[in-house]
Amino acid sequence: MSEVSKMPAGDDLLAEIARLRKERNAVILAHYYQRPEIQDLADYVGDSLQLSQMAAQTDADVIAFCGVKFMADTAKILSPEKIVVLPDMDAGCSLEDSCPPDKFAAFREAHPDHIALTYINCSTEVKALSDVIVTSSSAETILQQIPADQKIIFGPDRHLGGYLSRKFNREMLLWPGVCIVHEAFSETELLKLKQEHPDAPIAAHPECPPTIVDHADYVGSTSGILKFAQDFPGDTLIVATEPHIIHQMEKALPGKTFIGAPGADGNCNCNICPYMALNTLEKLYTALRDLEPRVEIEEELRLKAKKSLDAMLDMASGTVGKGDLGPAA
């Protein structure tokens, strides 16, 4: 009998995942950008670092991280004693890919008087080369603690770095990386959509380019956008981030309408993260069954990377996971 024919399906697949979760003493984590069916069976749904922190606080032996590789790596950095599996090891990140460790090391060496604030969407090796890791929820708090005369490198997301630079009038050297999902939004199509819904505010992730962020009524991380969705007084919201987050909004707020910001073709399909989409229920099942593919990080590298994460937690523990970058500047 082939391996494919042995794969359970439908309710049997969900039952097998539940059985393996219990047998393995596993916790299943799902990022907001995962497919709805994965979000619905996860123990925790949230931002990348928030999920890793939740996992570290549980007594689980196994972390099944339904997200992308840098997120699973972060979970392993914070919970080295736990087994961490990623349903598909090819689930990468365009921001991580844009910042090869050797080139980032050379960039740092060329600017020795700069410190490196690095967005969490990067490899373990780049984290180990950084001074402070930031999230979209902690970046502002951390930036405001750094002396005005201290020169800064910000990478790998030039749009998040540019947003912070403009908001705080703080010059920074920006690594030229972008998120392919947030880069795909179209200003022209967004303005057309706004004409159709003139009373609907726009909530945007700071990974979006300035042509999108400048039209936003709120700029924040995934968690921040969710909170804004709960708090804004209207009944319709335009959402400029990966559209799978709308699943959580519709579950929590069935009386409101959420519209994904369009791409150049006039719909939001081009803004679905192709890396996040690699994870499936079937791959989650086999990851729990086989405890593979498994994330492994050499201890010396892990400790170096953990220093930059610890620096963030020390500087912004009150904001990490809150997701709130505040109203658009």
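Each remark here, short or long, concerns the structure printed above.
In short, a report on the structure. What you see is a predicted model; the values in this text were computed from it and never measured.

Looking at the packing of helix α4 (residues 69–78) against helix α16 (residues 299–316)
Closest axis-to-axis distance for the α4/α16 pair is 9 Å, and the angle between their directions is 95°. By the angle between their directions, the pair α4 and α16 is classed as roughly perpendicular. For the pair α4 and α16, contact is made by T74, K76, I77 and L78 and by R302, A305, K306 and L309, respectively. Here the contact of α4 with α16 is built from residues that sort into 4 nonpolar, 1 polar and 3 charged.

Some words on the pattern of salt bridges
Scanning all chains against the criterion turns up 16 salt bridges. The closest approach of N and O atoms between E23 and R19, which form a salt bridge, is 2.8 Å. Placement of the pair is E23 and R19 together in helix α1 (residues 10–23), with a separation of 4 residues, close to one helical turn. For E300, the salt bridge goes to K304, with nearest N and O atoms at 3.6 Å.

Quick look at unusual backbone geometry
For the bond running from G155 to P156, omega is -10°, close enough to zero to count as cis. You can see P156 is positioned in the loop between β7 (151–155) and α9 (158–168). Omega for the bond connecting E292 with P293 falls within 30 degrees of zero, at -5°, which places this linkage in the cis form. Along the polypeptide, P293 turns up in the loop between α15 (281–290) and α16. Even without being a glycine, N25 presents a positive backbone phi close to 50°. Mapped onto the elements, N25 comes out in the loop between α1 and β1 (26–31). N25 gets classed as partly exposed once you look at its relative accessible area, which sits at 30%.

Quick look at helix α13 (residues 222–231)
α13 sits mainly inside the fold: 7 of its 10 residues count as buried. Within the sequence span of α13, burial applies to T222, S223, G224, I225, L226, F228 and A229.

Some remarks on the sheet that holds strand β4 (residues 83–85)
Each strand in a sheet pairs with its neighbour through backbone hydrogen bonds, running either in the same direction (parallel) or in the opposite one (antiparallel). Spatially, 4 strands are ordered β2-β1-β3-β4 in an open sheet, and the strand pairing comes out parallel. A strand with exactly one partner marks an edge of an open sheet, and here the two such strands are β2 (44–46) and β4. Neighbour to neighbour, the strand axes of the sheet diverge by 20° on average, direction disregarded. Summarising the sheet, β1 and β2 pair through 3 bridges and their orientation is parallel. Across the sheet, residue L29 finds its bridge partner in β2, namely Y44.

Details of the sheet that holds strand β9 (residues 202–204)
Taken together, 4 strands build an open sheet; the order of strands is β10-β9-β11-β12 and the sheet is parallel. Pairing within the sheet leaves two strands with one partner each, and these edge strands are β10 (218–219) and β12 (257–260). Each of β9, β11 (236–240) and β12 touches helix α11 (residues 187–196); the most contacted strand, β11, lies at about 175° to it.

How each quantity is defined
- Residues numbered from 1 in each chain as written.
- Predicted model: local features only at pLDDT ≥ 70, side-chain atom pairs only at ≥ 80, totals over all residues.
- Heavy atoms only, no water.
- Axes fitted to C-alpha atoms, helices over the stretch in contact; angles between N-to-C directions.
- Helix = DSSP H or I, 4+ residues; strand = E, 2+ residues; numbered from the N terminus.
- Parallel < 35°, antiparallel > 145°, perpendicular 65-115°, else oblique.
- Contact = heavy atoms within 4.5 Å.
- Nonpolar A, V, L, I, M, F, W, Y, C, P; charged D, E, K, R; others polar.
- Salt bridge = Lys/Arg side-chain N within 4 Å of Asp/Glu carboxyl O.
- Buried < 20%, exposed > 50% of the residue type's maximum accessible area, 1.4 Å probe, protein only.
- Pairing = 2+ DSSP bridges.

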